[in-house]
Amino acid sequence: MRKLGVCTTRSPAVLSRKFGLFAATWMAVTAGCAMAHADDRGMSTAHSEAVALLRAFESARAIDDEALRSADDNMRDWITYGRTYDEKRYTPLNQINDGNADRLGLVWAHELGTSRGVEATPLVVDGVIYSTLPWSVVIAVDARTGKRLWTYDPQVPKSYGRFLCCDVVNRGAAIYKGKIYAGTIDGRMLAIDAATGELAWQTQTTDPSRPYSITGAPRIAKGRVLIGNGGAEYGVRGYVSAYDAETGRLDWRFYVVPGDPFPPFASKAMEEAAPTWIAEDDNWWVVGGGGTAWDAIVYDPDVDLVYIGTGNPSPWPRHHRAFGDNLYINSIVAVDPNNGELVWHYQQNPGDHWDFTSVQPITLADLTIDGVDRKVLLHAPKNGFVYVLDRVTGEFLSAEAFAKVTWAEGIDESGRPIESKSAVYGRGELVPVWPGPTGAHNWHPQSFNPQTGLLYIPAQEVGTAYSVVDEFNFNPATFNLGVNLDIPYGPPDQSTGRLSAWDPVNQTEVWQVPYYTPANGGTLTTGGNLVFQGTGDGRFVAYAADDGEKLWETWVPSGIVAGPVTYTMDGVQYVTVNAGWGGSFPLTFGAAAAKANVRSEGWMLTFAVGGDAKMPPPAEPRQFLNPPALSEDEMAMVDTGAALYGHCFACHGKDAVSAITPDLRYNSGIVHDLDLLKEVVLNGMLEADLGMPNFKGTLSEDDVAAIRAYVLNEAHENYEAEELNYRANMAKYRERLAESSEAQ
Ligand code: CA
């Protein structure tokens, strides 16, 4: 206390002279995390850390429009989702390079305290890291020490998790004039004081009575904070909202789809879109229509346009929505940042039939194409093509497949896809299609290196078989897909991932690295001829950007899906990445991950040349505990249970195999005990704490017994294979444990 007293009485006066009233106020109010640890590390260290933090929060307040426009010149920080407005995720920094990357090592590991997917790209300002976590929690971490500075938990009701198709994730925050902006999965926009972690304002951006969600990172454009939403699988109508960053006042809203296709219309764009939606005997627009913009929203200050990637329509089969193009689903739209008016659009999948969203990351570059200097937009959406557009006019320049594509024979000269008739599924037999709804590329950030001219795409190969359901009724409480799915199609090991280094001028792949699982991490590329990427099977790797040679890798305690960032502190270059496997594919299709013991415990990991910290210990592999034998009556329920398991699938995984939420086959404590299972499923015993929904009214007691029989039967059928797997994973676990910090 004595030392703390010195800080709070002496430092503010000094700091006030040096940094102004704000610093003194901050010190007086919070006394600071660094000060609280003064006893441990001595007064002068604590004091200099506090001074560094105060300077960092002043730096956060200095991030304005000009700072965002010139972010490429700012080597110290990473101040917007894709580092710069053009979202290249490229830094000119070359202190870490192809000559010394083999000496990279861990500097610190910060435990995030979560076991759901961590998709966030952190922001870094003057030695302070701001990140979002699952359940829309926002944190600040001291990059010098790896210690948590503050945590803001928006207290999203855990029961809201059932409205998230693809895990309770968040991909990142925005920073502007001292505030951190982040969306919540229940549709709120938060503005948080960067220094104190206190809420400045919040606003509900969606209709809380509908299953909207926000998982994407907000972006800043001309004093406004821009945010979209998700929920097309549940049937909602997508839009992007622009709020005054200072006050939270709604400034404009761009609707992606018209809703009611009859006058009056929300805008001229909606009036033009309406005729593409009118169906003879279906009124699916009443439920919303989808088109949700849940990821890419990129502001281009050179052209003064905002580019938005839009989502899939709802329901999925096109016959519900007329046979029109359904503007502006599955498109890149360019809107005026001043008023949200549509300027141009380019639709990648007119009248989409396969959940091929176009929300995937957008990268802006200046390239010479056929001898003409162009301002282009680079885009590799779910449907498996790399698109190059002129971003000033929206003109289609080229598109080539970067993955296995069976839904189209190509893209014609006008930019319209030439669909394969055999991929247009109907009722009856399931029709396999590549890519499927997980996409050949999903939200995982891509990067573009102007030195190599290559786009680094976290690609994947996951096929899916589709058919139209026989009877479809809109149900506002759950999915409204209108399809039967077999996903992933074929044996689990046929679904793989790949780092694809793609030349967008010549539209060819230059090199690639194959991966064991789909859903690998986002990429970062640097002036040191490097590409960094984490993998779903729990590694963090550096490659040579020009030829793909692997220069360095380390195992990490969890699978990685997020994109890494780089920055400097005190003149030294660092790389930070969030580990924590999760999201759409891992949540639902965990077989490959379960086999490799890929886990989802969250860690923020920071690396530098010469880093010598030990990796945190890996998670212990799971083992089947003897599942109880099934009686004849129970065996008779297995098929019914398999069909009813459809209610569980979206979180607990295909074939009852899960790598994120509990694998029910392993869940001896609850699943083995039918009475307890009924408490969980029909009385919501785990709803408040874990978000396990209450299915009262949807499922009966007999249904629960049938689901249990199915899950236990799966446990018995896979028992021997799982035991072998367990032993192999234990051997790897012991090896890593010996190398980890726990071994010290
Ligand atoms: Ca979708």
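Refer to the structure above for everything that follows.
Note that the coordinates shown come from a computational prediction; the quantities given were computed from them, not determined experimentally.

K.L.:
Could you give an account of the overall build of the protein chain, naming the residues involved and the relevant values?
P.N.:
Secondary structure summary: the protein chain contains 16 helices and 39 strands in total. The C-alpha atoms of the protein chain give a radius of gyration of 25 Å, which matches the 27 Å a tight globule of 744 residues would have. C-alpha atoms of the protein chain, sized along the principal axes, occupy 75 × 65 × 50 Å. The buried share of the protein chain, reckoned over its 744 residues, is 63%. Contacts spanning at least 24 positions in sequence make up 63% of the contacts within the protein chain whose residues lie at least 6 apart. On the protein chain, roughly 26,600 Å² of surface is accessible, and the fraction owed to carbon and sulfur atoms is 49%. Distance between charge centroids for the protein chain: 7 Å, based on 58 positive and 92 negative side chains.

K.L.:
So what's going on with the environment of Val 169? Residues and values would help.
P.N.:
Here Val 169 lies in the loop between strand E6 (147-152) and strand E7 (174-176). For Val 169, a relative accessible area of 2% corresponds to the buried category. Linking Val 169 and Thr 698, residues 529 residues apart in sequence, is a C-alpha distance of 26 Å. Aside from chain neighbours lying at most four places away, what touches Val 169 is Gly 117, Glu 119, Ile 185, Ile 214, Thr 215 and Gly 583.

K.L.:
Outline the coordination of the calcium ion, supporting the account with residue identities and numerical values.
P.N.:
In this structure, Glu 233 (OE), Glu 233 (OE), Asn 312 (OD1) and Asp 355 (OD) serve as the protein donors to the calcium ion, at separations of 2.3 to 2.6 Å. In the primary sequence, the donor residues of the calcium ion line up as E-x78-N-x42-D. Pair noted here: Asn 312 is in the loop between strand E16 (305-309) and strand E17 (320-323) and Asp 355 is in the loop between strand E19 (342-347) and strand E20 (362-369), with a separation of 43 residues, a long-range link. Asp 355 carries the same exposure label as Asn 312, and that label is buried.

K.L.:
Residue-level account of the packing of helix H13 (residues 674-683) against helix H15 (residues 701-717), with values.
P.N.:
Running from N to C, H13 and H15 point in directions that differ by 115 degrees, and their axes come no closer than 10 Å. Crossing geometry of H13 relative to H15 is assigned as right-handed. In contact with Leu 674, Leu 677, Lys 678, Val 681 and Leu 682 of H13, H15 contributes Glu 701, Val 704, Ala 705 and Arg 708. A class-by-class count of the residues in the contact of H13 with H15 yields 6 nonpolar, no polar and 3 charged.

K.L.:
Can you tell me about a negative patch on the surface, naming the residues and giving the values?
P.N.:
A grouping of Asp 98, Asp 546, Asp 547 and Glu 549 is seen on the molecular surface, where their side chains present a negatively charged patch. Locating Asp 98 in the fold gives a position in the loop between strand E1 (90-91) and strand E2 (104-111). The exposure class assigned to Asp 98 is partly exposed, which follows from its relative accessible area of 40%.

K.L.:
Can you break down the state of the cysteines residue by residue, with the values?
P.N.:
Under the counting rule described, the total for this entry stands at 1 disulfide. As a non-bridged cysteine, Cys 648 has Cys 651 as the owner of its nearest cysteine sulfur, 9.2 Å distant. The class of Cys 651 is partly exposed, set by a relative accessible area of 24%.

K.L.:
Tell me about unusual backbone geometry, residues and numbers included.
P.N.:
For the bond from Pro 263 to Pro 264, the omega torsion is 0 degrees, close enough to zero to count as cis. Looking at the element boundaries, Pro 264 is found in the loop between strand E14 (250-255) and helix H7 (268-273). Residue Ile 487 is joined to Pro 488 through a cis peptide bond whose omega torsion reads -10 degrees. You will see that Arg 89, though not glycine, has its phi angle at about 50 degrees, which is positive. Tracing the sequence through the fold places Arg 89 in the loop between helix H6 (65-69) and E1. What makes Arg 89 buried here is its relative accessible area of 2%. One non-glycine residue, Asp 126, adopts positive backbone phi at about 50 degrees. Within the secondary structure, Asp 126 sits in the loop between strand E3 (123-125) and strand E4 (128-132).

The rules behind these values
All residue numbers refer to position in the chain's written sequence, counted from 1. For this predicted model, a pLDDT threshold of at least 70 governs which residues receive local features, and a threshold of 80 or more governs which side-chain atom pairs are given and counted, while totals over whole chains, interfaces and linings are taken from all residues. The side-chain values count all of the structure's non-hydrogen atoms but skip hydrogen atoms and water molecules. Only DSSP runs of H or I reaching four residues or more are called helices, and only runs of E reaching two or more are called strands; each is numbered from the N terminus. With the radius of gyration taken over C-alpha atoms, the globule rule is written as 2.2 Å times the number of residues to the power 0.38. For the exposure calls, accessible area comes from a 1.4 Å probe over protein chains only, and a residue counts as buried if that area is under 20% of its type's maximum, exposed if over 50%, partly exposed in between. Every residue pair with non-hydrogen atoms within 4.5 Å of one another is taken to be in contact. Only the protein chains shown count as cover for residues, and the accessible areas themselves come from Shrake-Rupley with a 1.4 Å probe. Neither His nor the chain ends contribute to the count of charged residues, in which Lys and Arg are positive and Asp and Glu negative. All charge positions are set by atom: Lys at NZ, Arg at CZ, Asp at CG, Glu at CD. Here a donor is any nitrogen, oxygen or sulfur atom (N, O, S) within 2.8 Å of the metal, with 3.2 Å used for Na, K and Ca; water is not among the atoms considered, so some sites may look incomplete. Comment: axis = line fitted to C-alpha atoms, over the contacting stretch for helices; angle = value between 0 and 180 degrees taken between N-to-C directions. When the near helix sits turned anticlockwise from the far one by under a right angle, the crossing is termed left-handed; a clockwise turn instead gives a right-handed crossing. The classification used treats Ala, Val, Leu, Ile, Met, Phe, Trp, Tyr, Cys and Pro as nonpolar, Asp, Glu, Lys and Arg as charged, and all other residues, Gly among them, as polar. Each patch groups residues whose relative accessible area exceeds 30% and which form no salt bridge, using 9 Å between like charges and 5 Å between nonpolar side chains of Val, Leu, Ile, Met, Phe, Trp and Tyr. Take a side-chain nitrogen of Lys or Arg and a carboxyl oxygen of Asp or Glu: if they are within 4 Å of each other, that pair is a salt bridge. In plain terms, two cysteine sulfur atoms within 2.5 Å form what is called a disulfide here.

By themselves, these observations are geometric and do not establish any function.
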